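Architecture and fold: a report
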Amino acid sequence: MDISNKKHFLSVKDHSVSKETFDLYHDETMDMLITFPQPSLENLGKYYESEDYISHTDNKRSLFEKAYHFVKGIALKNKLNLINAQQPAKGRILDIGAGTGDFLSVAKQNGWETIGVEPSAKAKKIAKNKGISFVEETSELESNSFDVITMWHVLEHVPNLDNQIKELKRLLKPKGTLIIAVPNFKSFDAKYYGAFWAAYDVPIHFWHFSKKTIKILFEKEAIELEKVLPMKFDSFYVSLLSEKYKYGKMNFVKAFFIGLQSNWKAKQNFEYSSHIYVLKNS
(Lines give C-alpha, C1' and ligand atoms only; values in the text may rest on other atoms or scores of the structure.)
Protein backbone atom coordinates (compact mmCIF):
# COMPACT_ATOMS: atom_id res chain seq x y z
CA MET A 1 0.00 0.00 0.00
CA ASP A 2 1.52 3.30 -1.16
CA ILE A 3 0.77 6.00 1.40
CA SER A 4 3.49 8.41 0.23
CA ASN A 5 0.94 10.94 -1.06
CA LYS A 6 -1.51 10.48 1.83
CA LYS A 7 -1.75 12.68 4.92
CA HIS A 8 -1.26 11.10 8.35
CA PHE A 9 -4.58 11.25 10.21
CA LEU A 10 -4.23 9.32 13.47
CA SER A 11 -2.32 6.56 15.25
CA VAL A 12 -4.58 3.85 16.69
CA LYS A 13 -3.92 0.86 18.93
CA ASP A 14 -5.30 -2.63 18.40
CA HIS A 15 -7.02 -2.76 21.79
CA SER A 16 -8.64 -6.19 21.45
CA VAL A 17 -5.85 -8.57 20.40
CA SER A 18 -2.24 -7.58 19.63
CA LYS A 19 -1.95 -4.19 21.41
CA GLU A 20 0.12 -3.05 18.40
CA THR A 21 -0.21 0.49 17.04
CA PHE A 22 -1.18 1.26 13.45
CA ASP A 23 -1.44 4.48 11.48
CA LEU A 24 -4.39 5.87 9.57
CA TYR A 25 -3.72 7.91 6.43
CA HIS A 26 -6.28 10.11 4.72
CA ASP A 27 -6.88 9.77 0.99
CA GLU A 28 -8.35 13.20 0.24
CA THR A 29 -9.55 12.31 -3.27
CA MET A 30 -11.62 9.37 -1.99
CA ASP A 31 -12.25 10.88 1.46
CA MET A 32 -11.30 7.63 3.13
CA LEU A 33 -8.80 6.46 5.72
CA ILE A 34 -6.32 3.66 5.08
CA THR A 35 -4.82 1.47 7.81
CA PHE A 36 -1.04 1.15 7.59
CA PRO A 37 0.70 -1.23 7.71
CA GLN A 38 -1.88 -3.79 6.64
CA PRO A 39 -1.19 -7.35 7.79
CA SER A 40 -0.41 -9.97 5.17
CA LEU A 41 -3.09 -12.55 4.42
CA GLU A 42 -0.89 -15.15 6.13
CA ASN A 43 -0.84 -13.17 9.38
CA LEU A 44 -4.33 -11.68 9.25
CA GLY A 45 -6.02 -14.55 11.07
CA LYS A 46 -4.22 -13.94 14.36
CA TYR A 47 -5.79 -10.48 14.66
CA TYR A 48 -9.25 -12.09 14.81
CA GLU A 49 -8.27 -14.42 17.66
CA SER A 50 -10.37 -12.84 20.37
CA GLU A 51 -13.18 -14.43 22.37
CA ASP A 52 -14.78 -11.00 22.35
CA TYR A 53 -15.18 -10.93 18.56
CA ILE A 54 -18.92 -10.99 19.06
CA SER A 55 -20.12 -11.45 15.47
CA HIS A 56 -18.44 -14.89 15.37
CA THR A 57 -20.26 -16.25 18.41
CA ASP A 58 -23.78 -16.65 19.80
CA ASN A 59 -22.54 -16.13 23.35
CA LYS A 60 -24.82 -14.40 25.87
CA ARG A 61 -22.46 -14.51 28.84
CA SER A 62 -22.51 -10.88 29.94
CA LEU A 63 -25.03 -8.06 30.10
CA PHE A 64 -23.24 -6.50 27.12
CA GLU A 65 -23.58 -9.67 25.01
CA LYS A 66 -27.24 -10.08 26.02
CA ALA A 67 -27.94 -6.47 25.04
CA TYR A 68 -26.08 -6.96 21.76
CA HIS A 69 -28.20 -9.97 20.80
CA PHE A 70 -31.43 -8.22 21.84
CA VAL A 71 -30.62 -5.28 19.59
CA LYS A 72 -29.49 -7.67 16.84
CA GLY A 73 -32.96 -9.22 16.85
CA ILE A 74 -34.51 -5.83 16.13
CA ALA A 75 -31.87 -5.07 13.49
CA LEU A 76 -32.54 -8.38 11.72
CA LYS A 77 -36.20 -7.46 11.26
CA ASN A 78 -35.17 -4.07 9.89
CA LYS A 79 -32.71 -5.68 7.47
CA LEU A 80 -35.36 -8.10 6.23
CA ASN A 81 -37.84 -5.25 5.71
CA LEU A 82 -35.18 -3.36 3.76
CA ILE A 83 -34.41 -6.17 1.31
CA ASN A 84 -38.11 -6.95 0.86
CA ALA A 85 -38.76 -3.29 0.03
CA GLN A 86 -36.00 -3.38 -2.60
CA GLN A 87 -36.96 -6.74 -4.12
CA PRO A 88 -40.62 -7.55 -3.27
CA ALA A 89 -40.64 -10.65 -5.52
CA LYS A 90 -37.84 -12.18 -3.44
CA GLY A 91 -35.31 -14.45 -5.16
CA ARG A 92 -31.67 -15.33 -4.47
CA ILE A 93 -29.62 -13.56 -1.83
CA LEU A 94 -25.90 -13.82 -1.08
CA ASP A 95 -24.53 -12.64 2.27
CA ILE A 96 -20.77 -12.12 2.23
CA GLY A 97 -19.32 -12.37 5.73
CA ALA A 98 -22.41 -14.20 6.98
CA GLY A 99 -21.04 -14.75 10.51
CA THR A 100 -23.24 -17.10 12.54
CA GLY A 101 -25.96 -16.97 9.89
CA ASP A 102 -28.71 -15.09 11.70
CA PHE A 103 -29.53 -12.73 8.83
CA LEU A 104 -29.67 -15.51 6.24
CA SER A 105 -31.76 -17.63 8.61
CA VAL A 106 -34.36 -14.86 8.88
CA ALA A 107 -34.29 -14.30 5.11
CA LYS A 108 -34.66 -18.03 4.42
CA GLN A 109 -37.68 -18.27 6.72
CA ASN A 110 -39.18 -15.37 4.77
CA GLY A 111 -38.95 -17.20 1.44
CA TRP A 112 -35.56 -16.14 0.10
CA GLU A 113 -33.15 -18.61 -1.48
CA THR A 114 -29.99 -18.02 0.54
CA ILE A 115 -26.29 -18.71 0.39
CA GLY A 116 -23.40 -17.37 2.46
CA VAL A 117 -19.66 -16.87 2.45
CA GLU A 118 -17.80 -16.83 5.77
CA PRO A 119 -14.04 -17.29 6.39
CA SER A 120 -14.42 -18.16 10.10
CA ALA A 121 -14.80 -21.92 10.55
CA LYS A 122 -16.19 -21.36 14.05
CA ALA A 123 -18.91 -18.97 12.89
CA LYS A 124 -19.71 -21.11 9.84
CA LYS A 125 -20.24 -24.21 11.97
CA ILE A 126 -22.81 -22.34 14.09
CA ALA A 127 -24.56 -21.08 10.94
CA LYS A 128 -24.70 -24.53 9.32
CA ASN A 129 -26.51 -25.82 12.40
CA LYS A 130 -29.18 -23.22 11.55
CA GLY A 131 -29.57 -24.70 8.08
CA ILE A 132 -27.50 -22.14 6.18
CA SER A 133 -25.65 -23.20 3.00
CA PHE A 134 -22.19 -21.87 2.15
CA VAL A 135 -19.62 -21.74 -0.62
CA GLU A 136 -15.94 -21.37 0.17
CA GLU A 137 -15.33 -18.62 -2.40
CA THR A 138 -17.61 -16.42 -4.48
CA SER A 139 -15.63 -17.51 -7.55
CA GLU A 140 -17.64 -20.77 -7.37
CA LEU A 141 -20.86 -18.85 -8.09
CA GLU A 142 -22.38 -18.09 -11.48
CA SER A 143 -22.34 -14.59 -12.95
CA ASN A 144 -25.53 -12.48 -12.82
CA SER A 145 -27.13 -14.93 -10.39
CA PHE A 146 -28.21 -12.87 -7.37
CA ASP A 147 -31.09 -10.47 -6.84
CA VAL A 148 -29.55 -9.13 -3.62
CA ILE A 149 -26.04 -9.19 -2.19
CA THR A 150 -25.42 -7.99 1.35
CA MET A 151 -22.24 -7.13 3.23
CA TRP A 152 -23.07 -6.16 6.81
CA HIS A 153 -19.93 -4.56 8.26
CA VAL A 154 -17.69 -6.59 5.95
CA LEU A 155 -16.36 -4.29 3.20
CA GLU A 156 -13.94 -2.64 5.65
CA HIS A 157 -12.32 -6.08 6.20
CA VAL A 158 -11.66 -6.79 2.50
CA PRO A 159 -7.95 -6.61 1.51
CA ASN A 160 -8.49 -5.68 -2.16
CA LEU A 161 -11.40 -3.28 -2.63
CA ASP A 162 -11.24 -3.03 -6.43
CA ASN A 163 -11.29 -6.81 -6.90
CA GLN A 164 -14.15 -7.20 -4.43
CA ILE A 165 -16.30 -4.59 -6.16
CA LYS A 166 -15.65 -6.14 -9.58
CA GLU A 167 -16.75 -9.49 -8.13
CA LEU A 168 -19.94 -7.95 -6.73
CA LYS A 169 -20.66 -6.52 -10.16
CA ARG A 170 -20.15 -9.96 -11.73
CA LEU A 171 -22.49 -11.72 -9.33
CA LEU A 172 -25.37 -9.24 -9.32
CA LYS A 173 -28.24 -9.54 -11.75
CA PRO A 174 -29.02 -6.49 -13.88
CA LYS A 175 -31.08 -4.14 -11.64
CA GLY A 176 -30.00 -6.24 -8.67
CA THR A 177 -29.57 -4.65 -5.24
CA LEU A 178 -26.35 -4.36 -3.27
CA ILE A 179 -26.53 -3.46 0.42
CA ILE A 180 -23.36 -2.36 2.19
CA ALA A 181 -23.13 -1.43 5.88
CA VAL A 182 -19.93 0.17 7.17
CA PRO A 183 -18.78 2.47 10.00
CA ASN A 184 -18.49 6.19 9.33
CA PHE A 185 -15.27 7.85 10.53
CA LYS A 186 -16.92 11.29 10.15
CA SER A 187 -19.51 10.65 12.88
CA PHE A 188 -19.60 12.53 16.18
CA ASP A 189 -18.67 9.44 18.22
CA ALA A 190 -15.62 8.87 15.99
CA LYS A 191 -14.46 12.43 16.57
CA TYR A 192 -15.27 12.30 20.29
CA TYR A 193 -13.31 9.10 21.02
CA GLY A 194 -10.49 9.72 18.54
CA ALA A 195 -7.83 7.01 18.77
CA PHE A 196 -10.10 5.04 21.15
CA TRP A 197 -13.02 4.83 18.71
CA ALA A 198 -13.79 1.12 18.62
CA ALA A 199 -14.96 1.10 14.99
CA TYR A 200 -11.44 1.84 13.74
CA ASP A 201 -10.75 -1.77 14.84
CA VAL A 202 -7.24 -1.86 13.39
CA PRO A 203 -5.75 -3.78 11.70
CA ILE A 204 -8.73 -5.95 10.67
CA HIS A 205 -10.46 -2.84 9.32
CA PHE A 206 -8.27 -1.98 6.34
CA TRP A 207 -10.44 0.92 5.15
CA HIS A 208 -12.57 3.59 6.80
CA PHE A 209 -15.30 5.02 4.59
CA SER A 210 -17.30 8.19 4.12
CA LYS A 211 -20.42 8.66 1.97
CA LYS A 212 -18.22 10.14 -0.76
CA THR A 213 -15.97 7.07 -0.73
CA ILE A 214 -18.79 4.63 -1.33
CA LYS A 215 -20.28 6.68 -4.15
CA ILE A 216 -16.96 6.94 -6.00
CA LEU A 217 -15.93 3.30 -5.46
CA PHE A 218 -19.09 1.80 -6.90
CA GLU A 219 -19.71 4.31 -9.69
CA LYS A 220 -16.53 2.98 -11.31
CA GLU A 221 -18.36 -0.33 -11.86
CA ALA A 222 -21.67 1.28 -12.90
CA ILE A 223 -23.32 0.49 -9.58
CA GLU A 224 -25.30 3.55 -8.51
CA LEU A 225 -25.81 4.72 -4.95
CA GLU A 226 -29.58 5.07 -4.42
CA LYS A 227 -29.91 5.91 -0.75
CA VAL A 228 -28.04 6.13 2.54
CA LEU A 229 -29.72 4.96 5.75
CA PRO A 230 -28.63 5.39 9.38
CA MET A 231 -27.68 2.58 11.75
CA LYS A 232 -28.71 4.34 14.96
CA PHE A 233 -27.96 1.47 17.34
CA ASP A 234 -24.30 1.42 16.30
CA SER A 235 -23.46 4.67 18.08
CA PHE A 236 -24.39 3.09 21.44
CA TYR A 237 -22.59 -0.21 20.79
CA VAL A 238 -19.44 1.49 19.50
CA SER A 239 -19.47 4.02 22.35
CA LEU A 240 -19.64 1.20 24.91
CA LEU A 241 -16.57 -0.48 23.44
CA SER A 242 -14.80 2.86 23.10
CA GLU A 243 -15.39 3.55 26.80
CA LYS A 244 -13.82 0.19 27.59
CA TYR A 245 -10.77 0.93 25.42
CA LYS A 246 -10.31 4.40 26.89
CA TYR A 247 -11.06 3.80 30.56
CA GLY A 248 -10.78 0.02 31.02
CA LYS A 249 -14.49 -0.50 31.72
CA MET A 250 -17.84 -0.13 30.01
CA ASN A 251 -19.57 2.97 31.32
CA PHE A 252 -23.14 2.30 30.20
CA VAL A 253 -24.52 5.71 31.21
CA LYS A 254 -21.72 7.70 29.56
CA ALA A 255 -21.82 5.53 26.40
CA PHE A 256 -25.59 5.95 26.15
CA PHE A 257 -25.22 9.72 26.42
CA ILE A 258 -22.49 9.87 23.74
CA GLY A 259 -24.48 7.57 21.46
CA LEU A 260 -27.55 9.73 21.89
CA GLN A 261 -25.55 12.87 21.21
CA SER A 262 -24.04 11.32 18.09
CA ASN A 263 -27.46 10.44 16.68
CA TRP A 264 -28.85 13.88 17.53
CA LYS A 265 -25.99 15.64 15.74
CA ALA A 266 -26.40 13.29 12.78
CA LYS A 267 -29.95 14.53 12.32
CA GLN A 268 -28.38 17.79 11.16
CA ASN A 269 -25.39 16.57 9.11
CA PHE A 270 -26.36 12.93 8.40
CA GLU A 271 -23.06 11.59 9.70
CA TYR A 272 -24.23 8.61 11.75
CA SER A 273 -21.88 6.16 13.48
CA SER A 274 -22.59 3.66 10.69
CA HIS A 275 -24.51 3.82 7.43
CA ILE A 276 -26.34 1.36 5.23
CA TYR A 277 -25.79 2.05 1.53
CA VAL A 278 -28.40 0.81 -0.93
CA LEU A 279 -26.91 0.48 -4.41
CA LYS A 280 -28.39 -0.69 -7.71
CA ASN A 281 -26.68 -2.50 -10.55
CA SER A 282 -27.10 -0.99 -14.00
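Placed above this text is the structure.
Let me sum up the structure you'll find in this document.

This part takes up the sheet that holds strand β5 (residues 113–117). Spatial ordering of the open sheet is given by β5-β4-β6-β7-β10-β9, a layout of 6 strands whose pairing is mixed. Either end of the sheet is taken by a strand with one partner, and the two such strands are β5 and β9 (223–230). Each strand axis lies, on average, 20° off the axis of its neighbour in the sheet, ignoring direction. In this sheet, strand β10 (residues 274–281) lies alongside β9 in antiparallel orientation, the contact comprising 7 bridges. When the bridges of β10 are listed, Pro-230 appears paired with His-275. Against the sheet, helix α3 (residues 102–109) makes contact with β4 (92–96), β5 and β6 (146–152), and its axis sits at roughly 170° relative to β5, the strand it touches most.

Looking now at helix α7 (residues 211–219). The complete set of buried residues in α7 reads Thr-213, Ile-214, Leu-217 and Phe-218. For α7, the angular spread of the buried residues around the axis is 105°, confining them to a single face. Here the buried face of α7 lies against β3 (32–36), α5 (161–171), β7 (172–183), β9 and β10.

One can describe the packing of helix α8 (residues 234–247) onto helix α9 (residues 252–269) by two numbers: an axis separation of 8 Å at closest approach and a directional angle of 130°. Put simply, α8 runs oblique to α9. The hand of the α8/α9 crossing is right-handed. Along its contact with α8, which presents Ser-235, Phe-236, Ser-239, Leu-240, Glu-243 and Tyr-247, the element α9 presents Phe-252, Lys-254, Ala-255, Phe-256, Ile-258, Gly-259, Leu-260, Ser-262 and Asn-263. Its residues assigned to classes, the contact of α8 with α9 comprises 8 nonpolar, 5 polar and 2 charged.

Here the focus is the packing of aromatic side chains. Under the criterion given, the structure shown has 10 aromatic pairs. Relative to Trp-152, the ring of Phe-103 has its centre 5.4 Å away and its plane inclined at 75°; by these criteria the two rings are edge-to-face. Of this pair, Phe-103 sits in helix α3 while Trp-152 sits in strand β6; the two residues are 49 residues apart in sequence, bridging distant segments of the chain. The exposure class assigned to Trp-152 is buried, which follows from its relative accessible area of 9%. Each ring, one from Phe-270 and one from Tyr-272, has its centre 5.1 Å from the other, and the planes form 80°; the classification is edge-to-face. Of the residues examined, Tyr-272 reaches a relative accessible area of 4% and is grouped as buried. Among the aromatic side chains, those forming a connected cluster through ring pairs are Phe-188, Tyr-192 and Tyr-193.

Criteria and thresholds
- Residues numbered from 1 in each chain as written.
- Predicted model: local features only at pLDDT ≥ 70, side-chain atom pairs only at ≥ 80, totals over all residues.
- Heavy atoms only, no water.
- Pairing = 2+ DSSP bridges.
- Helix = DSSP H or I, 4+ residues; strand = E, 2+ residues; numbered from the N terminus.
- Axes fitted to C-alpha atoms, helices over the stretch in contact; angles between N-to-C directions.
- Contact = heavy atoms within 4.5 Å.
- Buried < 20%, exposed > 50% of the residue type's maximum accessible area, 1.4 Å probe, protein only.
- Arc of directions from axis to C-beta.
- Parallel < 35°, antiparallel > 145°, perpendicular 65-115°, else oblique.
- Left-handed = near helix turned anticlockwise from the far one by under 90°.
- Nonpolar A, V, L, I, M, F, W, Y, C, P; charged D, E, K, R; others polar.
- Phe/Tyr/Trp six-rings, centres within 6.5 Å; stacked < 30°, edge-to-face > 60°.

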